[in-house]
Amino acid sequence: MTLRLHDTATRETRDFVPLVEGRAGIYVCGLTVQSEPHVGHVRSAVNFDVLRRWLSATGHEVDFIRNVTDIDDKILTKSAEQGVHWYALAAAMKRELDKALSAINVLPPTYEPGATGHVPEIVELTEQLIAAGHAYAAEDGSGDVYFDVRSWPAYGELTRQKVDDMEPAGDADPRGKRDPRDFALWKGQKVGTEPDTAAWPSPWGRGRPGWHIECSAMAGKYLGPAFDIHGGGVDLRFPHHENEQAQSRAAGRPFASYWLHNAWITTAGEKMSKSLGNSLLVPEVLKRVRGQELRYYMVAAHYRSHVEFSFDALDDAAKAFQRIEDFLDRAAPVVGDWFASMPDAFVAAMDDDLGTPAAVAVIHDSVREGNRLLAAGPSDALSQKFGEVIAMLDVLGLNPADDAWAAAGGAGDKLTEVVDALVTGLLAERTAAREAKDWARADAIRDQIKNAGLDVEDTPAGPRWSIEAGTV
RNA sequence: GGUGGGUUGGCCGAGAGGCGAGGCAACGGACUGCAAAUCCGUCUACACGGGUUCAAAUCCCGUACCCACCUCCA
């Protein structure tokens, strides 16, 4: 069985054949750190984290590069509005992003390069493009350098568009462009309006990188002229990815073999950046559900499907995940030896363009079977189901035993011990009442615990408490 | 104007010619002192109109509505 991926460049789902057997080089466009991350932003990170984990799980050594755009127009505009240094804003937002991603167990990339640290590589690539006749310094003295779209016949190949059919950029400043579709590789500093700290020396005067060039330069530096997979959100296909590919290929670099694009999480049918919604910032959402549950919500939908975000659906996802967790909690004390193994159906689902919805369905199948077996006490079959569930959750980054969750939980563990001590005392009283068939007393104790926000279940191994669903 | 995606049961959300994904909710049954949890079962859906086919949610044609991108974007 081999992994098949949907390549948006060819619009085909085809076998993944890495350039070097057993290795995979992945470049993912990360965020522009200009504001706090919302759930839409982190979906992309989760989707590509799953890809990375699956490649690792199937024996690939993965080089995973995810950039962070730490200088651009928006960062400059917003920082000016807020009266802070642009680099202070970028650094603060980067910390917020890191916090949000670790809360949902997104593994850190192999390396996370930023545009500001790669100006020499960007200048070098720009010079190559000028030498090759595909870029030119603006003749208006602005210090800008543009990619010459008309000089590259393949321009538009990624998104199947013809230059002549494209809507001319109405609001774009033509400045020194030969064609309105030409895009900036280098932006000359606007002295007086842009801070000196946001300008670097170059053969064309002081300035800063254009948006697209950084990814071409950094992908080339860390993954080489040709690499396996390039990922990002659908909105990046054009212009960002189209331009990245044009630049790179015009400079003689074959670039990515496969292009993967994740779909949106929308609210009210619209992309999140268009709706206001502070409530959708990751820290806000994590007040309602845990990181595991938010991640499950994202993984339960296919990466290429639009997800219409709703708190009701999020709550449903949290319950579904708790069902899986509950099985592990109840089975753990009785399973004995077990080993991790993935059912064929799960492997087949993941190999089919990362079919996480079907993969999650397989987890639920194993959980149901495991629950059935659990009623009969320990057995090899139960241990096997337990190992299956753990293995599958691991691949999806959802293993409840993963240290990542404990780190995100903070001081919760100590509190749990305290609650456990208190509740255990009450439950002992209730057990005594039940043995005396004093049902009124037993139920009163259970109600008291329930009113505090905890559920009580009677199991063959005795009473068990848990935090009521939805109140975590 | 160009390019791409979508519309599935009470809800979320898969599937891509036959064989009921899965979850949540609801209802019935088993279990329970009563519950909870769990298991078993029920609810048989594919925007609309045509067509192809032995067979269509799936393929084709048309229609409606929605969304994204066309140089700020996950």
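Just so it is clear, the model here is predicted, and its values are computed rather than measured.

Description of the protein's contact with RNA strand B
Logical step 1: In the vicinity of RNA strand B lie 64 residues, with W211, D235, L236, K271 and R372 positioned nearest.
Logical step 2: Among all atoms of RNA strand B positioned within 4 Å of the protein, those belonging to sugar or phosphate total 64%.
Logical step 3: Residues that form the surface near RNA strand B fall into these classes: 21 nonpolar, 19 polar and 24 charged.

Looking at a nonpolar patch on the surface
Logical step 1: Together, L415, V418 and L422 make up an exposed nonpolar region whose accessible area comes to about 310 Å².
Logical step 2: Looking at the secondary structure, you find L422 in helix 14 (residues 412–435).
Logical step 3: Since its relative accessible area comes to 60%, L422 is described here as exposed.

Some remarks on the sheet that holds strand 7 (residues 183–188)
Logical step 1: Pairing is antiparallel in the open sheet, where four strands are placed in the order 5-6-7-8. Both edges of this open sheet fall to strand 5 (135–137) and strand 8 (207–209), since each of them pairs with a single strand only. The average angle at which neighbouring strand axes cross in this sheet is 20°, direction not considered.
Logical step 2: Strand direction decides the pairing type here: strand 7 and strand 8, joined by three bridges, are antiparallel. Residue K187 lies in a different strand from strand 8, and its bridge partner there is R208.
Logical step 3: Sheet strands touched by helix 4 (residues 119–131): strand 5, strand 6 (145–147), strand 7 and strand 8. Its angle to strand 7, the strand with the most contacts, is close to 125°.

Notes on the pattern of salt bridges
Logical step 1: A full pass over the atoms with the stated rule returns 36 salt bridges.
Logical step 2: For D148, the salt bridge identified is with R178, shortest N-O distance 3.5 Å. Taken as a pair, D148 in the loop between strand 6 and strand 7 and R178 in the loop between strand 6 and strand 7 lie far apart in primary sequence, 30 residues in all.
Logical step 3: Judged by its relative accessible area of 11%, D148 is buried.
Logical step 4: We note a salt bridge from D443 to R446, for which the minimum N-O separation is 3.5 Å. Taken together, the residues span about one helical turn, with D443 and R446 both in helix 15 (residues 439–451) at a distance of three residues.
Logical step 5: By relative accessible area, D443 is classed as partly exposed at 34%.

Comments concerning the packing of helix 9 (residues 311–335) against helix 12 (residues 380–395)
Logical step 1: In contact at an axis separation of 10 Å, helix 9 and helix 12 are set at 135° when each is read in the N-to-C sense. Overall, the two elements helix 9 and helix 12 adopt an arrangement that is oblique. In this structure, the crossing between helix 9 and helix 12 has a hand that is left-handed. For the pair formed by helix 9 and helix 12, the contact residues are I324, F327, L328, A331, A332, V334 and V335 on the first element and L382, S383, F386, V389, I390 and L393 on the second.
Logical step 2: Within the contact of helix 9 with helix 12, the residues separate by chemical class into 12 nonpolar, one polar and no charged.

Some remarks on the pairing of strand 15 (residues 462–467)
Walk down a regular strand and you will see the side chains alternate between the two sheet faces.
Logical step 1: Direction of pairing for strand 14 (residues 454–459) relative to strand 15: antiparallel, over a ladder of six bridges. What sits directly across from V456, in strand 15, is W465.
Logical step 2: Between strand 14 and strand 15, which pair antiparallel and follow one another directly, the connecting turn spans two residues.

Re the pairing of strand 1 (residues 4–7)
Logical step 1: Relative to strand 2 (residues 12–15), strand 1 runs antiparallel, the two sharing four bridges. Within strand 2, the residue paired with R4 across the bridge is D15.

A word on the nonpolar core
Logical step 1: Of all hydrophobic cores here, the largest spans 103 residues; its most connected members are F346 and L396.
Logical step 2: Looking at which domains feed residues into this core, each of domain 1 (4–267) and domain 2 (309–407) gives three or more.

Calculation rules
- All residue numbers refer to position in the chain's written sequence, counted from 1.
- Following the order in which they are written, the chains are lettered starting with A and the ligands numbered starting with 1.
- Totals for whole chains, interfaces and linings use all residues, but because this is a predicted model, local features are given only for residues with pLDDT of at least 70 and pairs of side-chain atoms are given and counted only at 80 or more.
- Only hydrogens and water are removed before side-chain values are computed, so all heavy atoms of the structure are retained for them.
- Any residue with a non-hydrogen atom lying within 4 Å of a molecule or strand is treated as near it.
- Any residue outside Ala, Val, Leu, Ile, Met, Phe, Trp, Tyr, Cys, Pro, Asp, Glu, Lys and Arg is labelled polar, Gly included; the first ten of those are nonpolar and the last four are charged.
- Patch criteria: residues need more than 30% relative accessible area and no salt bridge. Like-charged residues are merged within 9 Å; nonpolar side chains of Val, Leu, Ile, Met, Phe, Trp and Tyr are merged within 5 Å.
- Only the protein chains shown count as cover for residues, and all accessible areas are computed by the Shrake-Rupley method using a 1.4 Å probe.
- Definition used for salt bridges: Asp or Glu carboxyl oxygen within 4 Å of a side-chain nitrogen of Lys or Arg.
- By the criteria applied, helices consist of DSSP H or I runs no shorter than four residues and strands consist of E runs no shorter than two, each listed in order from the N terminus.
- Using a 1.4 Å probe on the protein chains alone, a residue whose accessible area is under 20% of its type maximum counts as buried, one over 50% counts as exposed, and one in between counts as partly exposed.
- For two strands to be treated as a pair, DSSP must find at least two bridges joining them.
- Note on definitions: angles span 0 to 180 degrees between N-to-C directions of axes, and those axes are lines fitted to C-alpha atoms, for helices only across the stretch in contact.
- Residue contacts are defined here by distance: any two heavy atoms, one from each residue, within 4.5 Å place the two residues in contact.
- Angle categories are assigned with fixed cut-offs, so that under 35 degrees is roughly parallel, over 145 is roughly antiparallel, 65 to 115 is roughly perpendicular, and the rest are oblique.
- Note on convention: near helix rotated counterclockwise from far helix by under a right angle means a left-handed crossing. Clockwise means right-handed.
- We call a set of buried residues a nonpolar core when its members are Ala, Val, Leu, Ile, Met, Phe, Trp, Tyr or Cys and they connect through side-chain atoms within 4.5 Å of each other.
- Note that domain bounds follow an automatic or database assignment of domains.

By themselves, these figures tell us nothing about what the structure is for.
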